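Working through the structure, step by step
The primary structure of each chain is shown beneath.
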Amino acid sequence: MTSKANGKHIVVLGAGYAGLTAATRAGKHNRVTLVAPETRFRHRIRQHETAAGHPARRPTVAEVVRGRGVRHVRARATELDLAGRKVLLDTGETLAYDTLVYALGSRTAWHGVPGAAEHAYGAERAAEVGERLRTADRPGTVAVVGGGATGIEMATEIAEAHPAWKVRIVAAGRVGGWFSARGRAHVLAVMAGLGVEVHEQATVTAVDQDGLDTTAGRIPGDVVVWAASMEPLPLAAEAGLTVNAAGRAVVDRYLRSVSHPDVHVIGDAAEVTVPGTGTLRMACATALPMGRYVGRLLAGRTGKPFAFRYAVQCLSLGRREGLVQLIHGDDSMRPGVLTGRTGRLTKALIVNAVVRSLR
Ligand SMILES: Cc1cc2nc3c(=O)[nH]c(=O)nc-3n(C[C@H](O)[C@H](O)[C@H](O)COP(=O)(O)OP(=O)(O)OC[C@H]3O[C@@H](n4cnc5c(N)ncnc54)[C@H](O)[C@@H]3O)c2cc1C
């Protein structure tokens, strides 16, 4: 093993699930600088709770990295000089590195839908949604765009917390359409119980201040929450890392950029294909093991290629209900689900374990 004095300077970009998990493990045997603008951990998988007006307690970045030999620089990376092995920051500082860990995550993708970026709230603005619902003169309507996991969690959480508001979920395909028949039936039953109106096969073509134009007609929404999809940040492509059509950096089995092996890319930013499992989806469930793996690799604690199998898919459906969908290791569905109190508690246990696993 390398002693810290002889260790490399590793710059980790991003303090999300992937970046923090990598930094806290690599810091023991290397000089690690973590670059991210926030003071407090963002904990994106709880943003629907914030949107509903009951934000979860989140640790500070300093608390997570305490005692792990990591220096946190509060800044944004604005440019990568891959040939010169340097990162330029919005503070004007330049950081030289031996190894770069790129873990900048993803952001709301608006897909060029007119009015969406202006009139809808992405998950990043969850706190503003919570504030708007709390301070409105009278209850109105909420339209949540997206029938995937984020849209389902947003719609059910908001409907449960604000029963006087009319909540609609709008999906281009089917809401929760990838779940097993029992899993999707449970999602729809909980939504029906919460009074959530479901609009399927309705692709949004425009957003304005009163709601949505869709291929299935007009859908009103005083507040529009956009949970349709996420996209990687453009910095990797701009810097010249090899990326796929969606802009995710393509990596090898050691999670190194295929074009720049001194750059590891992890989390939502990376396109990772694991033999027998497939190409991993953007998820906390995949970002954490990637971060853990790269941290251990850089600390000299493993030399094996990255391996990963999925365990379960789980959703919260408000504070009283949940869904744990049983799956195979390649993420394909098994018929079985856990619902009700068991589903809710299992999801809560997993979410609580996430913060502990960052260090
Ligand atoms: C509401 C919601 C619920 C979700 N629920 C689940 C769930 O139940 N299970 C699941 O597996 N996944 C879930 N996800 C998806 C999950 O949140 C993401 O896949 C995960 O956050 C990816 O982790 P990451 O570390 O790659 O990136 P992120 O968590 O996005 O972290 C990115 C980091 O990069 C920093 N950063 C950004 N730009 C810069 C810059 N220029 N310079 C420096 N730092 C920068 C950010 O500040 C942040 O620290 C959910 C997402 C949302 C929005």
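Residues numbered from 1 in each chain as written. Predicted model: local features only at pLDDT ≥ 70, side-chain atom pairs only at ≥ 80, totals over all residues. Heavy atoms only, no water.

Here the focus is the nonpolar core. Counting residues in hydrophobic clusters, the biggest one holds 62 residues, and the most contacted among them are Leu 13 and Tyr 102. If you tally residues by element for this core, the top one is helix 9 (residues 284-298), at eight residues. Counting 30 residues, the second-largest nonpolar core is a separate cluster that includes Val 129, Trp 165, Val 223 and Val 225. (Core = buried A, V, L, I, M, F, W, Y, C linked by side-chain atoms within 4.5 Å. Buried < 20%, exposed > 50% of the residue type's maximum accessible area, 1.4 Å probe, protein only. Helix = DSSP H or I, 4+ residues; strand = E, 2+ residues; numbered from the N terminus.)

Glancing now at unusual backbone geometry. Although it is not a glycine, Gln 201 adopts a positive phi angle of roughly 55 degrees. Relative to the helices and strands, Gln 201 resides in the loop between strand 12 (197-199) and strand 13 (204-208). The phi angle at Leu 255 is positive, at roughly 60 degrees, despite the residue not being glycine. Position of Leu 255 among the secondary structure elements: in the loop between strand 18 (249-250) and strand 19 (263-265).

With that out of the way, let us pick up the pattern of salt bridges. Counted by the stated rule, this structure contains 19 salt bridges. With a shortest N-O distance of 2.7 Å, Asp 262 and Arg 85 are connected by a salt bridge. You can see Asp 262 sitting in the loop between strand 18 and strand 19 and its partner Arg 85 sitting in the loop between strand 4 (77-81) and strand 5 (86-89), a full 177 residues away along the chain. A salt bridge links Arg 218 to Asp 208, with the shortest nitrogen-to-oxygen separation between them at 2.9 Å. On the criterion of sequence distance, the pair formed by Arg 218 in strand 15 (residues 217-220) and Asp 208 in strand 13 is long-range, its members being ten residues apart. Overall, the relative accessible area of 42% leaves Arg 218 in the partly exposed class. A network of salt bridges, in which partner residues are shared, links Arg 46, Glu 49, Glu 157 and Arg 319. (Salt bridge = Lys/Arg side-chain N within 4 Å of Asp/Glu carboxyl O.)

Bringing the domain arrangement of the protein chain into the picture now. Domain parsing of the protein chain yields domain 1 (4-108 + 230-298) and domain 2 (116-228 + 311-357). In this structure, domain 1 and domain 2 have C-alpha centres spaced 27 Å apart. Contacts between the two partners involve 24 residues from domain 1, matched on the other side by 26 residues from domain 2. Carbon and sulfur atoms supply 58% of the area that domain 1 and domain 2 bury against each other, a total of about 2000 Å² over both sides. Contact with domain 2 buries area across many residues of domain 1, yet His 48, Ala 51 and Thr 108 alone supply 29% of it, more than any other trio. A salt bridge links Asp 331 to Arg 281, with the nearest nitrogen and oxygen atoms 2.7 Å apart. Applying the counting rule to domain 1 against domain 2 returns six residue pairs in polar contact (both at pLDDT 80 or more). Elements that contribute at least two residues to the side of domain 1 that touches domain 2 include exactly helix 1 (17-26), helix 2 (47-51), strand 8 (106-108) and helix 9. Looking at the side of domain 1 that touches domain 2 element by element, the count peaks at five residues for helix 2. Of the residues belonging to the side of domain 1 that touches domain 2, the class tally is nine nonpolar, ten polar and five charged. (Domains from an automatic or database assignment. Contact = heavy atoms within 4.5 Å. Buried area = accessible area lost by both parts, 1.4 Å probe. Polar contact = N/O pair within 3.5 Å; in protein donor to acceptor, adjacent residues only side chain to side chain. Nonpolar A, V, L, I, M, F, W, Y, C, P; charged D, E, K, R; others polar.)

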